[in-house]
Amino acid sequence: MISIIIPHKNRHSLLYMVLDKLNEQTIFDFETIVVDDGSDIFVKDWIGVLFPDFAPKYELMFVRNPGKGPNAARNHGVSLAKYDNIVISGSDTIPSRSFVMQHILELKRDSDKIIQGYTPFHPQVMDTEFMVWLNNSGIQANWSALQTESGWRRDADGFCLTTNLSMTKQVFENIGGLSEGFPGAAWDDIEFGIRARKLGVQTIFSPRAINFHYHKYNISQFANRQIMEGKNRIYLCYAHPEMAMQLMDINAIKTAEEQSLDEWLHQAVELSYINGCHEEKDRVWRGVLQLASFKGVVESLDPHPVLRLIKLLTNQESVVYLFALLKAHKDGNTGYVDHCLGWLSEKEPVWVSELIAGEIALMDKNNTEAIIHFNNSLTNKYNVYAEKRLR
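Residues numbered from 1 in each chain as written. Predicted model: local features only at pLDDT ≥ 70, side-chain atom pairs only at ≥ 80, totals over all residues. Heavy atoms only, no water.

Some details on the packing of helix H13 (residues 316–331) against helix H14 (residues 334–347)
Then step 1. With their axes 8 Å apart at the nearest point, H13 and H14 run at an angle of 155° to one another. By the angle class used here, H13 and H14 are roughly antiparallel. Judged by the sense of rotation from one axis to the other, the crossing of H13 with H14 is left-handed. Here Glu-317, Ser-318, Tyr-321, Leu-322, Ala-324, Leu-325, Ala-328 and His-329 of H13 come into contact with H14, specifically with Tyr-336, Val-337, His-339, Cys-340, Leu-341, Trp-343, Leu-344 and Lys-347. (Axes fitted to C-alpha atoms, helices over the stretch in contact; angles between N-to-C directions. Helix = DSSP H or I, 4+ residues; strand = E, 2+ residues; numbered from the N terminus. Parallel < 35°, antiparallel > 145°, perpendicular 65-115°, else oblique. Left-handed = near helix turned anticlockwise from the far one by under 90°. Contact = heavy atoms within 4.5 Å.)

Observations regarding the pairing of strand S3 (residues 59–64)
Looking down a regular strand, the side chains alternate between one sheet face and the other.
Then step 1. Here strand S2 (residues 30–36) pairs with S3 via six bridges, running parallel. For Asp-36, the partnering residue across the bridge sits in S3 and is Arg-64.
Then step 2. Taken together, S2, helix H2 (residues 43–50) and S3 constitute a β-α-β crossover, and its handedness is right-handed. (Pairing = 2+ DSSP bridges. Right-handed = clockwise from strand over helix to strand, strands pointing away.)

Some details on the sheet that holds strand S10 (residues 203–213)
Then step 1. The eight strands lie next to each other as S3-S2-S1-S4-S9-S6-S10-S5, forming an open sheet whose pairing is mixed. Each end of this open sheet is capped by a strand with a single partner; those strands are S3 and strand S5 (93–95). Going from strand to strand, the sheet's axes swing by 30° on average, the running direction of each strand aside.
Then step 2. Where strand S1 (residues 2–8) lies against strand S4 (residues 85–89), three bridges are found, and the strand directions are parallel. Residue pairing across strands places Ile-5 opposite Ile-88, the latter belonging to S4.
Then step 3. Most of the contacts of helix H1 (residues 12–22) go to S5, to which it runs at about 15°, and overall it touches S1, S2, S3 and S5.

Details of the state of the cysteines
Then step 1. Here the structure, examined in full by the defined rule, presents zero disulfides.
Then step 2. The thiol of Cys-160 is not disulfide-bonded; the next cysteine sulfur, from Cys-237, is found 17 Å away.
Then step 3. Judged by its relative accessible area of 0%, Cys-160 falls in the buried class. (Disulfide = S-S within 2.5 Å. Buried < 20%, exposed > 50% of the residue type's maximum accessible area, 1.4 Å probe, protein only.)

Comments concerning the pairing of strand S9 (residues 164–168)
Then step 1. The buried fraction of S9 amounts to five of the five residues, a majority that puts the element mostly inside the structure.
Then step 2. Of the two faces of S9, the one carrying Asn-164, Ser-166 and Thr-168 and the one carrying Leu-165 and Met-167 are both buried.
Then step 3. Bridging between strand S6 (residues 114–118) and S9 involves two bridges; their strand directions are antiparallel. Bridging from a neighbouring strand, Gln-116 pairs with Leu-165 of S9.

Regarding the packing of H13 against helix H15 (residues 350–363)
Then step 1. Here H13 crosses H15 at 15°, and the two axes come no closer than 12 Å. Here H13 is positioned roughly parallel relative to H15, judged by the angle of their axes. Between H13 and H15 lies a crossing whose hand is right-handed. Packed against H13, whose contacting residues are Leu-322, Leu-325, Leu-326 and His-329, the element H15 presents Ile-356, Ile-360 and Met-363 at the interface.
Then step 2. When grouped by side-chain class, the residues that make up the contact of H13 with H15 number six nonpolar, one polar and no charged. (Nonpolar A, V, L, I, M, F, W, Y, C, P; charged D, E, K, R; others polar.)

Things to note about the packing of aromatic side chains
Then step 1. Summed over all chains, the structure comprises 18 aromatic pairs.
Then step 2. For the pair Tyr-118 and Trp-152, a centre-to-centre distance of 5.1 Å together with 55° between the ring planes defines the contact as tilted. Of this pair, Tyr-118 sits in strand S6 while Trp-152 is found in strand S8 (residues 151–152), placing the two residues 34 residues apart along the sequence.
Then step 3. Put simply, the rings of Tyr-118, Trp-143, Trp-152, Phe-159 and Phe-205 pair up and form one aromatic cluster.
Then step 4. Lying over the aromatic face of Phe-294, Arg-233 brings its terminal NZ or CZ to 4.9 Å of the ring centre. (Phe/Tyr/Trp six-rings, centres within 6.5 Å; stacked < 30°, edge-to-face > 60°. Lys NZ or Arg CZ within 6 Å of the ring centre and 35° of its normal.)

In structure tokens, the structure reads:
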């Protein structure tokens, strides 16, 4: 017995394909809970009108949870699940015939672990060179990292993708559910996986639990997706500052400010029409998608008075301390705030560390101390940041 949780918004035709494929499973001792996150038309009504004869062989429940986001929908679905085992799936993922059975078997063997199923792109959307490249590139999901010369790895530490994930309700609740603070669908499931790992919960890979991703992109569409992915990075780094070391590359951030995404995209699209040139396509397509990600990062950093100073840092490790400082400040840990400020004052130019200290003082509503720090910054080097703050 298992409960399948599917968050959903507006992709009614795709969701119907998913529900119809669940009718082809090898067993039917499961329930499916579709949580509608504010579709224009409630999906239950839509299916009832267009497919009045649809008769699921499994228990099917539709509930509303409008406008609260996909993770809130997932959490709500889990709270309604009547079975101890849960599968978190997607409204654009088409299950293989043994999908449910594989998750049940895995959880029977490893009930204290998270089971990560395999979600390659569906063959029907792999009809362009870009989609084949994207599937093999590892940019969206690096499945090749789970492969060895002898086959698939069992240990999937670091993988936690909500297109195809199962565990017991107890494990899900012990980890704390999925974070509802992310503005988009990227890094939120990885954040769940990081919390699981810190609690000692292992993730196991099940390559036979296949759920095909039925989503077709062109290079421009995926670049837009990467901008959103970049925006979500700061939320992951807020929660887990150590992740900033690999996600907030200061050189890539500076490059993103200087380079034109439109020019890169034009070159990338032009290459799509040319046969061959595989090495050049790989270089340009990876380049434009990385640039798009860091354009998203820059867009998220700029409104924040402290985070926008990341582009001034000279030491990559300083980014970790900057996020750790903000987390400690939010948590009220003044001792660790002072520790991070001290570390930054040793590793960064004085004018930069004084700017950061001044912004923290402003966050504490200590204007007198802030003025001192901004004046110290200007004394060491003229900069528009301090000058604007002192006006």
